Amino acid sequence: MLEIYEKHAALLGFSVRKHTTRYFPGTKNVMEKYFVCCAQGKRNINRKKKVKKDRNDKEDEGKKKRKPRKVSITRTDCKACIRVKYNEEGLFEVIHHVIAHNHDLTRTQWNYLHRSQREITKEKGQAIESMQKSGLSAMDSYSYMCEEAGGEECVGHSVRDHLNYCTRLKMKTIEGGDAQSLIDILYHQVASDPEFFFRVRLDKDGRVCNIFWRDSMMMEDYNIYGDVVVFDTTYRTNRYNLICAPIVGINNHWKNVMFGCAFIGDEKIESFVWLLETFKKSMGNKAPITLFTDQDIAMSKAISKVLFQL
């Protein structure tokens, strides 16, 4: 139904986004689904102005205030939508469809810029990756795809989408030279600190995907203050798209102490199991009594399996 509505939107000149989803009680099976025009709803300008005013009031008078950013109004409370519902025959049928829009529609030559019309398919992704491995820059590969497709409007994604995809490809793997530099640094730490511990995990292609380390001070702190441990992950904030997973605690001065640190490639159960097993091994198989973390399902399962065996 979404694909049909997106084709309808492409012909008329507007963009589509998902809205409300309703499920059958007690299940994850979809009962109703709403798809709306991208201009549905309103921007609460007055509330944003009030929040910004409150923030400015709290700022020091000596600080330089930034000029408010000019943002175009893209929400016009458009009522155009389509509503589908699961029927007794086991199919989704349209039960409500509003065609009229309260805003200007996009010209045909600009329809390809709508978010719902842009997509880098699996085939296009493979082509981009091949061109990148061949040494072509992101802009050169985009220009080549535009030429082959017959123009930017025929490619199916924008230049920004293309550049972002190329950036994600670069961040997927750690380059061999950088990986070797990391291993050399870790071995140098072992030479200067006999109690230094580290482990590196490789994926099926032989690339570094998980890294863990701790030094002698971290082990000493864990032996003293390791009854309570805080374990959480951060967003991918480094150039290699890895997730930082620090393992910390609190000492007798109510200060944070580090028990270990890791970079992992994903937040799957296998990665958390490897990390926690490695951490436990590095601490002489001593598990913490209490562990604080978020409500991530994969992390919870790994903790139950490795540390507490619930």
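As the structure is a prediction and not an experimental result, all values here were calculated from the model.

**Student:** Explanation requested: the side chain of S141 in the structure shown.
**Tutor:** For S141, the location among the structural elements is in helix 4 (residues 138-149). Given the relative accessible area of 2%, S141 is considered buried. Side-chain polar atoms of S141 contact the side chain of H162, separated by 2.7 Å. Those residues in contact with S141 that sit more than four places away from it in its chain are M131, H162 and C166.

**Student:** When you look at the pairing of strand 1 (residues 16-23) in this model, what are you seeing that I'm missing?
**Tutor:** Looking down a regular strand, the side chains alternate between one sheet face and the other. Note that strand 1 and strand 2 (residues 30-37) share six bridges and pair antiparallel. Each residue of the ladder has a partner; that of V16, found in strand 2, is C37.

**Student:** Looking at this model, I keep getting lost on the sheet that holds strand 2. Mind explaining?
**Tutor:** Strands sit in the order 1-2-3-4 across an open sheet of four strands; the sheet is antiparallel. A single partner strand is all that each edge strand has here, and the edge strands are strand 1 and strand 4 (92-98). Across the sheet, the mean angle separating the axes of adjacent strands is 20° when strand polarity is ignored. Pairing of strand 2 with strand 3 (residues 81-86) involves five bridges; the strand directions are antiparallel. Looking across to strand 3, one finds that V36 is bridged to C81. Running over the sheet, helix 1 (residues 2-12) touches strand 1, strand 2, strand 3 and strand 4 and is turned about 155° from strand 1.

**Student:** What is the right way to look at the pattern of salt bridges in this model?
**Tutor:** When the charged atoms of two side chains lie near each other, side chains of opposite charge can form a pair. One pass over the full model with this rule turns up six salt bridges. Of the charged contacts in the structure, one is a salt bridge between R118 and D161, with a shortest N-O distance of 2.6 Å. Here the residue R118 occupies a position in the loop between strand 4 and helix 3 (122-133), and D161 occupies one in helix 6 (residues 159-172), the gap between them amounting to 43 residues. By relative accessible area, which is 24% here, R118 ends up partly exposed. Overall, D161 belongs to the buried group, its relative accessible area being 17%. Across the salt bridge formed by E129 and K133, the nearest N and O atoms sit 3.8 Å from each other. Note that E129 and K133 are positioned in helix 3 at a spacing of four residues, about one turn of the helix.

**Student:** Would you mind going over the confidence of the model for the protein with me for this structure?
**Tutor:** Reading predicted coordinates in detail is not appropriate for stretches of low pLDDT. The share of residues in the protein with pLDDT of 70 or more is 84%, and the mean pLDDT across the chain is 82. Mean pLDDT across the elements of the protein ranges from a minimum in helix 2 (residues 45-58), with 56, to a maximum in helix 8 (residues 216-225), with 93.

**Student:** Honestly, the packing of aromatic side chains in this entry has me stumped. Any pointers?
**Tutor:** Between two aromatic rings, the relevant description is the distance of the centres plus the angle of the planes. Tallying each qualifying case throughout the model produces 11 aromatic pairs. A network of ring pairs unites the aromatic residues F197, F212, Y222, F259 and F279 as a single cluster.

Reading the values: rules and limits
Residues numbered from 1 in each chain as written. Predicted model: local features only at pLDDT ≥ 70, side-chain atom pairs only at ≥ 80, totals over all residues. Heavy atoms only, no water. Helix = DSSP H or I, 4+ residues; strand = E, 2+ residues; numbered from the N terminus. Buried < 20%, exposed > 50% of the residue type's maximum accessible area, 1.4 Å probe, protein only. Polar contact = N/O pair within 3.5 Å; in protein donor to acceptor, adjacent residues only side chain to side chain. Contact = heavy atoms within 4.5 Å. Pairing = 2+ DSSP bridges. Axes fitted to C-alpha atoms, helices over the stretch in contact; angles between N-to-C directions. Salt bridge = Lys/Arg side-chain N within 4 Å of Asp/Glu carboxyl O. pLDDT = per-residue confidence, 0-100. Phe/Tyr/Trp six-rings, centres within 6.5 Å; stacked < 30°, edge-to-face > 60°.

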